[in-house]
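Residue strings, one per chain:
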Amino acid sequence: MAKRLMKFLGMSFLVVLFYVPGNAAAGGLFGPPQSLSREKGGLNTTVGFDYHEDKFESDGTCVFRQNRVYSQVAYGGARHLWEVYGRIGIADLEIEDGFRSRINTTTSSPNDFEENETPFGALGAKVFFPLGGAFGIGAFLQGSFFFGDFGDEVRGHWNGAPYKAELNVRDLWEITSGISVSATVPRGIILYAGPFIHYSEARVTSSRHISGIPLLEEDATVKNKTEIGGYGGISVPLGRGFHLNAEGRYSERFSVGVAVTYTYQNRGL
Amino acid sequence: MKHFCLTVLLLVLLAGGGAPRADASSAVAASASAPILLPSSGNSNQLEPVSQEPTARESKPDPGSVDSPEMGEPSADEPESRAVPAKNAPESVVPGTSPGIPEEEKTNGHTDDLESDYVPEEGGEAPATLYDPLEPFNRAMYHVNDKLYFWLLKPVSQTYGEVVPEPARISVRNFFSNLAFPVRFLSCLLQADFSGAVKESGRFVVNTLWGVGGFLDPSSKNELDLPKQNVDLGQTLGIYGLGPGFYIVWPFLGPSSLRDTVDIAGRHFLSPVSYLNPWYAPMTVRGYEAVNDTSLRIGDYEALKGAAIDPYLSIRDAFAQYRKQKIEARKKHLTKQLPSGEEKMPVSVGSGIE
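A. Structural context of the overall build of chain A. The number of helices and strands found in chain A is two helices and twelve strands. A burial count over chain A gives 50% of its 269 residues as buried. Only carbon and sulfur atoms are counted for the fraction: they give 59% of the accessible area of chain A, which is about 12,400 Å².

B. Summary view of unusual backbone geometry. Across the junction of Ser109 of chain A and Pro110 of chain A, the peptide omega takes the value 0 degrees, indicating a cis bond. Residue placement: Pro110 of chain A occurs in the loop between strand 3 (82-96) and strand 4 (113-131). Of the consecutive residues Asn277 of chain B and Pro278 of chain B, the connecting peptide bond is found in the cis state with omega at 0 degrees. The topology assignment puts Pro278 of chain B in the loop between helix 13 (258-270) and helix 14 (281-295). Within the chain, Arg240 of chain A stands out as a residue other than glycine whose phi angle is a positive 55 degrees. Take Arg240 of chain A: its relative accessible area is 59%, and that puts it in the exposed class. Residues other than glycine seldom take positive phi values, yet Glu252 of chain A does so here, at roughly 70 degrees.

C. Expanded view of the nonpolar core. With 27 residues, the main nonpolar core has Phe64, Ile95, Phe113, Val169 and Leu216 of chain A as its most contacted residues. Considering every element that reaches this core, the biggest residue donor is strand 7 (residues 161-185) of chain A, with five residues. Counting residues in hydrophobic clusters, the runner-up holds 21 residues, among them Tyr247, Leu304, Tyr312 and Phe319 of chain B.

D. Quick peek at a nonpolar patch on the surface. Taken together, the side chains of Phe49, Val69, Ile90, Leu238, Leu244 and Val258 of chain A define a hydrophobic patch exposed on the protein surface, amounting to about 480 Å² of accessible area. Owing to a relative accessible area of 41%, Val258 of chain A belongs among the partly exposed residues under this scheme.

E. Just the environment of Gly41 of chain A, in detail. One can find Gly41 of chain A in the loop between helix 1 (2-19) and strand 1 (42-58). By relative accessible area, Gly41 of chain A is classed as buried at 4%.

F. Spatial organisation of the interface of chain A and chain B. Opposite the 18 residues of chain A that make contact, chain B presents 16 residues. Applying the counting criterion to the chain A and chain B interface returns zero salt bridges. One can count six residue pairs in polar contact (both at pLDDT 80 or more) joining chain A with chain B. Sorting the residues of the side of chain A that touches chain B by element identifies strand 1, strand 2 (60-76) and strand 12 (253-263) of chain A as the ones contributing at least two each. Counted by class, the side of chain A that touches chain B contains eight nonpolar, eight polar and two charged residues.

G. Structural view of the packing of helix 8 (residues 135-163) of chain B against helix 14 of chain B. Residue and element names in this part refer to chain B. Helix 14 packs onto helix 8 with a crossing angle of 75 degrees between their chain directions and a minimal axis gap of 8 Å. When the axes of helix 8 and helix 14 are compared, the pair comes out roughly perpendicular. Every residue of helix 14 that contacts helix 8 at Tyr149, Leu153, Val156, Ser157, Tyr160 and Gly161 is listed here: Tyr288, Ala290, Val291, Asn292, Thr294 and Ser295. In the contact of helix 8 with helix 14, the residues fall into seven nonpolar, five polar and no charged.

H. Expanded view of empty space enclosed by the protein. Residues and elements named next belong to chain A. This structure, assessed with the given rule, holds three cavities of 30 Å³ or more. If you add up the space inside the largest cavity, you get close to 150 Å³. The element contributing the most residues to the lining of the largest cavity is strand 3, with three residues. When grouped by side-chain class, the residues that make up the lining of the largest cavity number seven nonpolar, eight polar and three charged. The space that makes up the second largest cavity amounts to roughly 80 Å³.

I. Layout of the packing of helix 10 (residues 181-190) of chain B against helix 11 (residues 194-210) of chain B. All names here are of chain B. Between helix 10 and helix 11, whose axes approach to 7 Å, the crossing angle comes to 160 degrees. Between helix 10 and helix 11, the interaxial angle falls into the category roughly antiparallel. Between helix 10 and helix 11 the crossing geometry is left-handed. Note on element contacts: helix 11 touches helix 10 through Phe194, Gly196, Ala197, Glu200, Ser201 and Phe204, opposite Phe181, Arg184, Phe185, Cys188 and Leu189. When its residues are assigned to classes, the contact of helix 10 with helix 11 shows seven nonpolar, two polar and two charged.

J. Structural detail: the pattern of salt bridges. All names here are of chain A. One pass over the full model with this rule turns up 29 salt bridges over all chains. Glu96 is paired through a salt bridge with Arg65; the nearest N and O atoms lie 2.5 Å apart. With Glu96 in strand 3 and Arg65 in strand 2, the pair connects residues that are 31 residues apart, well separated along the chain. Under the relative-accessibility criterion, Glu96 is labelled partly exposed at 28%. Residues participating in the shared-partner salt-bridge network are Glu53, Arg65, Glu94, Glu96 and Arg253.

K. Inspection of helix 13 of chain B at higher detail. For helix 13 of chain B, with 13 residues, the first-to-last C-alpha span of 19 Å sits near the 18 Å given by 1.5 Å per residue. Those residues of helix 13 of chain B not exposed but buried are Leu258, Arg259, Asp260, Thr261, Asp263, Ile264, Ala265, Gly266 and His268 of chain B.

Conventions we followed
Residues numbered from 1 in each chain as written. Chains lettered and ligands numbered in written order. Predicted model: local features only at pLDDT ≥ 70, side-chain atom pairs only at ≥ 80, totals over all residues. Heavy atoms only, no water. Helix = DSSP H or I, 4+ residues; strand = E, 2+ residues; numbered from the N terminus. Buried < 20%, exposed > 50% of the residue type's maximum accessible area, 1.4 Å probe, protein only. Areas by Shrake-Rupley, 256 points an atom, 1.4 Å probe, with all protein chains shown as cover. Core = buried A, V, L, I, M, F, W, Y, C linked by side-chain atoms within 4.5 Å. Patch = residues over 30% accessible without salt bridge, like charges linked within 9 Å, V, L, I, M, F, W, Y side chains within 5 Å. Salt bridge = Lys/Arg side-chain N within 4 Å of Asp/Glu carboxyl O. Contact = heavy atoms within 4.5 Å. Polar contact = N/O pair within 3.5 Å; in protein donor to acceptor, adjacent residues only side chain to side chain. Nonpolar A, V, L, I, M, F, W, Y, C, P; charged D, E, K, R; others polar. Axes fitted to C-alpha atoms, helices over the stretch in contact; angles between N-to-C directions. Parallel < 35°, antiparallel > 145°, perpendicular 65-115°, else oblique. 1 Å grid on protein atoms, 1.4 Å probe; cavity = no way out; pocket = protein on both sides within 12 Å on 5 of 7 lines; lining within 4 Å. Points joined across faces, edges and corners; volume = space filled by probe spheres on them. Left-handed = near helix turned anticlockwise from the far one by under 90°. Expected span 1.5 Å × (residues − 1).

Read these as layout, nothing more, since geometry by itself doesn't imply function.
Okay, here's the thing in structure tokens:
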């Protein structure tokens, strides 16, 4: 029975991973594999903060840093077996050394690209298969899309002449999928960990093309450098229906997030 | 600019009309142990007793309809045909002012009978009523609101209600209720109800964060049980002893009193919606809020109006009683919070009609 279950799980995961269309992303924590809704199924809502870092590459590499704050509504099925959720939030973006010149004839100020408060949304789903009383295995698929453009200005000198250029990061989206095993330890604390794959890309356009600054040299599409990573976290019941969730992820760079979830006992209206 | 003008108008009205209401409240309060004189002319501008039996509206108080200054005082499709027969009418209704009563009843001495029959119970509380010097204007505004309700608000709300599922409409109502937090919070502070202010703040934080901006209500009784404080600025003034002044029916906003108009003004200034741009955005949002609220209680107003001989009087009296009860209940709530023997409010309970 367990073997068939694992086979079904594996097949389902592959189907989800490769054949389900849509934009999914690491727009926040992945969370434990099981739903935090009540046993009979129902709503839960989450407020979360996520510090996310990733390496992107086009003509060279650069580090994207984001602080993301989001609110999530989720509906979980009975016995925590499945959950669908949606998130909305805001995020900033910093590209470390995004404007730094690689040649002496070009100077720039500032060196980092920075933009604040761009809205994003995310959709996701997870399935969970209990393995005995305390353990379980689950899979998730999550996608995010940033609705606004990130933009910043840079000034400097290029071959002795002053210049001003505006860089825009458009259509940033992500899709992430992963599996994890979980263990429920005393006091209802859930520990979970597993691998994930992640793909993210954005379009970078510049109002003026400047030699020596990779992101300004030409319009391009940047993609995340490493697509595989691992994550792990803990979910702690706080009482009165609240859960605290802390999670760390590593994929070339380290990311971390915390979230507080409230589990509705009724309809929520 | 329009908001400013409206506000100035409200403040001018408030500043200029305080005196008459004091007379009204003190007169009725003083008459608690004596028969109340009815106007022989039947003009309901004068003080008149109202039935102490709760009206349909009073038995199901809904701040959004009678009490609230939203356009909620609309009327029935065919008021006359729905009117209760005269023999079933409350004794307190002044026949001469009721358009649905045959003319002969106005002159057959029945009014005098009502006068002589009306004797408040020994030690009983004076019935709530409101001084109504602006009755012609108020009646006109009542009919304007009534037509607006039946010709515009109700059809739009019905259509909206058919398109949008009820849970979604309840969520929208929750959202606007959450936005009204500043009024409730300030009212609690002004009433020195710090416990209520803390609860209201907690409720706002929880509903905003875990209620997805207020659309859900995790603070409800079935969840975290952080009840919404049933307070407003007009009630706050009433607790401090300020009487209602006179009755006034605002176009679009519905029945109010001079005192409760402060609540309208306060809600205007304390609502984030008022500060939206462009200038028509606040009106649009409030219109949508009215449509949404109305879609959740279609039929309430019709029931109240249908059970009345003179819906105008019924609504006015229901409004007066509802406001009075709300203030009295709040006074009791605040008194309970005090150590025994302390006097919390600077005025005594029952200083006038609320």
